[in-house]
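Observations on chain architecture
As a plain string of letters, each chain reads:
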Number of protein chains: 2
Amino acid sequence: MFSRTVTQFIKRNVSSVRIVEVGPRDGLQNEAKILPTTTKIEFINRLSKTGLKNIEATSFVSAKWIPQMGDNVDVMKGIEKVDGITYSAIVPNMKGFEDAVETKTTEIAIGGSASETFTKKNFNCTIAEGVERVKSIMKAAKEKNIKVRGYVSTVISCPYEGKIKPSEVAKISEMLLKAGCYEISLGDTIGVGTPNSISEMLKEVLKVAPVETFAIHYHDTYGQALSNILASLDLGISVVDASVSGLGGCPYARGASGNAATEDVVYMLHGCGVKTGIDLELLIDAGKFICEELGRQSESKVNRATRKIKP
Amino acid sequence: MFSRTVTQFIKRNVSSVRIVEVGPRDGLQNEAKILPTTTKIEFINRLSKTGLKNIEATSFVSAKWIPQMGDNVDVMKGIEKVDGITYSAIVPNMKGFEDAVETKTTEIAIGGSASETFTKKNFNCTIAEGVERVKSIMKAAKEKNIKVRGYVSTVISCPYEGKIKPSEVAKISEMLLKAGCYEISLGDTIGVGTPNSISEMLKEVLKVAPVETFAIHYHDTYGQALSNILASLDLGISVVDASVSGLGGCPYARGASGNAATEDVVYMLHGCGVKTGIDLELLIDAGKFICEELGRQSESKVNRATRKIKP
């Protein structure tokens, strides 16, 4: 009767998960309080000690658009770059790409959306035109031997269009992979997905590329992030984006929820026998540090349930 | 490849879930602010309008032990009892049973723990002696045609002993069923379970009685409640205890987390095509009402993400 339960499948097929910590970028960029550069650098340096292998450190976006990212070059230059850890950054245009080169960034991320209306409103172009636009970045990155990760946002629902067809998510994922992205991170930007809609979406994208090609990036706006991650592991997904202490949020959704909280994700994974290479106590410590600096409560229940472990 | 994913299993095998709303009892008894009786009555009356069929209204415990439950008889007498809804209460002893009879309570719940140490510290007896003690209540309930539900707490871990063997949970569940309970609610009292430990526990208890016999009662202390519910549905469980807005907590665990928030559970279930008969908007409204009365933030992300719908 129980020959293929979700936990059995995960134990047999997902021995380890690579966590992509997006707190310093996706997290902080949605926090109202602007932090000093030194605080951001200390935050990332603390994350580097946790065992994380992927840290999205900043976004080379204009400070006019996202003030919190105004010190992006100083942050990327100021952090201690530990061997074996990839420090990536969002690159929205060629100006941003130049910043990436100047700061010796080895991996960049470019973005797209599965919704035509969202793309029109945010980038003033169609989805296909957006992919064309990033091709100049892709070409330059290839020449400099910089890896490019692709974000696809609004994979479940769009604040303007509502429900997004899984086939649309598969289509832009395929376009970005053909353009040269090595990995696609699938974002439930407004956090409305449930295990069912998440599974339906994933089954469709898995038709266009192997499961190893995809990462998941879920927001916890409706409290579903961990269940959605569980349902994704059930389909073999093994790369998970998360923000320590659930930093961030989404300007389009009411409520203040950010990404899945890394501490809670790691707690679940370790409990399920899935390796992450992360020291949960050090991660909790990094979460407490940044929440104190922001003057906010941690959105990680694991963090709130535990005392400060390292002074 | 995907012939038996968790969401497929649920869609095929768990067409509906019965939610047991424990907010007025397990939720409120762990809230510091003592509410007026009229507020509790209005809270329960609002819950009665949501489509819920099971509401645990109070506990016939001494006010000396749990001051919030000091008006238990007045609450049970004061609520509007809607046909088709079961209003249950905890009964810890024969004095409590007399209160149940006086208030025409049609279903009661008795408690036990899967941990010998927890049982010793809380009830000053062994697990087996505890089951013997409730037999007088069971006998009296049978005579009065009152249904008895059994709680088994600390099914994953105990604050004194640590990890609890699944076989111990199966053993006390079987004892309580033999003593006459119609249903056993399995409580992860300190909320430390993960989908894996939850599944291992459930597989063991499902050896002693059919899946329909068991309800699950998970606390969200470590943010795992929804994932744990998903993993439980994956084993065919279809009765879920929850507290609107995640009211309550556990005095033994750090952090302030209570039960799984009913709004978030219902959102997930409806998203997965599972019927609950509950109107989510009215449920959110009841959650906003009680949180305002308690002067606290809702622990339901669904509730926090939505505006007040009914004035």
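What you are looking at is a predicted structure, and each value in this text was computed from that prediction instead of being measured. (Residues numbered from 1 in each chain as written. Chains lettered and ligands numbered in written order. Predicted model: local features only at pLDDT ≥ 70, side-chain atom pairs only at ≥ 80, totals over all residues. Heavy atoms only, no water.)

Attention shifts here to the overall build of chain A. Across its full length, chain A carries 13 helices and 10 strands. Whereas a compact globule of 311 residues would reach a radius of gyration of roughly 19 Å, chain A reaches 18 Å, a difference of no more than 12%. The principal-axis extents of the C-alpha atoms in chain A amount to approximately 55 × 50 × 35 Å. Across the 311 residues in chain A, those meeting the buried criterion constitute 63%. When contacts within chain A are restricted to residue pairs at least 6 apart in sequence, long-range pairs at least 24 apart make up 74% of them. Within the structure as shown, chain A displays about 11800 Å² of accessible surface, and the carbon and sulfur contribution to it stands at 52%. (Helix = DSSP H or I, 4+ residues; strand = E, 2+ residues; numbered from the N terminus. Rg over C-alpha atoms; globule rule 2.2 N^0.38 Å. Buried < 20%, exposed > 50% of the residue type's maximum accessible area, 1.4 Å probe, protein only. Contact = heavy atoms within 4.5 Å. Areas by Shrake-Rupley, 256 points an atom, 1.4 Å probe, with all protein chains shown as cover.)

Under the fitted operation, chain B is carried onto chain A by 0.0 Å of movement along the axis and a turn of 180°, and the coordinates agree to an RMSD of 0.0 Å. Interpreted geometrically, this transformation is the action of a two-fold axis. Of every C-alpha in chain B, the one belonging to S227 of chain B sits nearest the axis of rotation, 2.2 Å from it. In this assembly, 100% of the residues forming the interface of chain B have copies in chain A that are likewise at the interface, indicating an isologous arrangement. (Least-squares fit on C-alpha atoms with pLDDT ≥ 70 in both.)

Residues and elements named next belong to chain A. Judged by how many residues are buried, strand β8 (residues 183-188) sits mostly within the fold: 6 of 6 residues are covered. In β8, alternate side chains face the same way, and those of E183, S185 and G187 on one face and I184, L186 and D188 on the other are all buried. Examined bridge by bridge, strand β5 (residues 147-153) and β8 share 4 bridges and lie parallel to one another. Within the sheet, the bridge partner assigned to V152 lies in β8 and is L186. Note on the crossover from β8 through helix α9 (residues 195-205) to strand β9 (residues 214-218): the handedness is right-handed. (Pairing = 2+ DSSP bridges. Right-handed = clockwise from strand over helix to strand, strands pointing away.)

The next thing to look at is the interface of chain B and chain A. Much of the literature gives interface size as the accessible area that the parts lose upon coming together. Each partner contributes to the interface: chain B provides 42 residues, whereas chain A provides 43 residues. Taken over both partners, the interface formed by chain B and chain A buries close to 4000 Å², and the fraction arising from carbon and sulfur atoms is 55%. Where chain B meets chain A, there are 8 salt bridges. In this structure, K301 of chain B engages D220 of chain A in a salt bridge whose closest nitrogen and oxygen atoms are separated by 3.2 Å. Across the contact surface, chain B and chain A share 23 residue pairs in polar contact (both at pLDDT 80 or more). The element that contributes the greatest number of residues to the side of chain B that touches chain A is helix α9 (residues 195-205) of chain B, accounting for 5 residues. (Buried area = accessible area lost by both parts, 1.4 Å probe. Salt bridge = Lys/Arg side-chain N within 4 Å of Asp/Glu carboxyl O. Polar contact = N/O pair within 3.5 Å; in protein donor to acceptor, adjacent residues only side chain to side chain.)

Quick look at the sheet that holds strand β2 (residues 54-59) of chain B now. Residue and element names in this part refer to chain B. A barrel is described by the order of its strands in space; here 8 strands give the closed sequence β1-β2-β3-β4-β5-β8-β9-β10, paired in parallel fashion. Direction aside, neighbouring strands of the sheet carry axes that sit 25° apart on average. In this sheet, strand β4 (residues 107-113) lies alongside strand β3 (residues 86-90) in parallel orientation, the contact comprising 3 bridges. When the bridges of β4 are listed, S88 appears paired with E107. α9 rests against β8 (183-188) and β9 (214-218) of the sheet, and its axis sits at about 155° to β9. Each of β1 (18-21) and β10 (239-242) is contacted by helix α11 (residues 262-271), which is oriented at about 175° to β1, the strand it contacts most. (Axes fitted to C-alpha atoms, helices over the stretch in contact; angles between N-to-C directions.)

A few words now on the packing of aromatic side chains. This structure, assessed with the given rule, holds 4 aromatic pairs over all chains. Centre to centre, the rings of Y267 of chain A and Y222 of chain B are 5.0 Å apart; their planes meet at 20°, and the pair counts as stacked. Of this pair, Y267 of chain A sits in helix α11 (residues 262-271) while Y222 of chain B sits in the loop between β9 and α10 (225-233), each in a different chain. Y222 of chain B shares its class with Y267 of chain A; the two are buried. Aromatic side chains F118 of chain B and Y160 of chain B sit 6.2 Å apart centroid to centroid with 45° between the ring planes, which places their arrangement in the tilted category. Taken together, the residues F118 of chain B in helix α6 (residues 116-123) and Y160 of chain B in the loop between β6 (157-158) and β7 (162-163) connect sequence positions 42 residues apart. The exposure class of Y160 of chain B is partly exposed, given its relative accessible area of 37%. K147 of chain A extends its terminal NZ or CZ atom over the ring of Y182 of chain A, reaching a point 4.2 Å from the ring centre. Above the plane of the ring of Y151 of chain A lies R149 of chain A, whose end atom (NZ or CZ) is 5.5 Å from the centre. (Phe/Tyr/Trp six-rings, centres within 6.5 Å; stacked < 30°, edge-to-face > 60°. Lys NZ or Arg CZ within 6 Å of the ring centre and 35° of its normal.)

Our focus in this paragraph is the environment of V101 of chain B. Residues and elements named next belong to chain B. Its place among the elements puts V101 in helix α5 (residues 94-102). For V101, a relative accessible area of 31% corresponds to the partly exposed category. Excluding residues that lie within four positions of it along the chain, V101 makes contacts with K144 and I146.

This part takes up unusual backbone geometry. Phi at S245 of chain A is positive, roughly 60°, even though this residue is not glycine. Examined against the element boundaries, S245 of chain A turns out to sit in the loop between β10 (239-242) and α11. The backbone phi angle of K104 of chain B is positive, close to 60°, even though this residue is not glycine. Mapping K104 of chain B onto the fold places it in the loop between α5 and β4.

Residues L186 and L202 of chain A together with L186 and L202 of chain B are the most contacted members of the largest nonpolar core, which totals 193 residues. Contacts of L186 of chain A, omitting those with residues within four sequence positions, involve V152, V155, V169, S173, M201, L202, V205, F214, A215, I216, H217 and Y218 of chain A. (Core = buried A, V, L, I, M, F, W, Y, C linked by side-chain atoms within 4.5 Å.)

A few words on the side chain of E56 of chain A. Residue and element names in this part refer to chain A. The residue E56 is located in strand β2 (residues 54-59) in this model. Separated by 2.5 Å, the side chains of E56 and R25 make a polar contact. At 2.7 Å, the side chain of E56 forms a polar contact with the side chain of Y151. Residues in contact with E56, not counting those within four places in the same chain, are E21, V22, P24, R25, D26, S88, I90, A109 and Y151.

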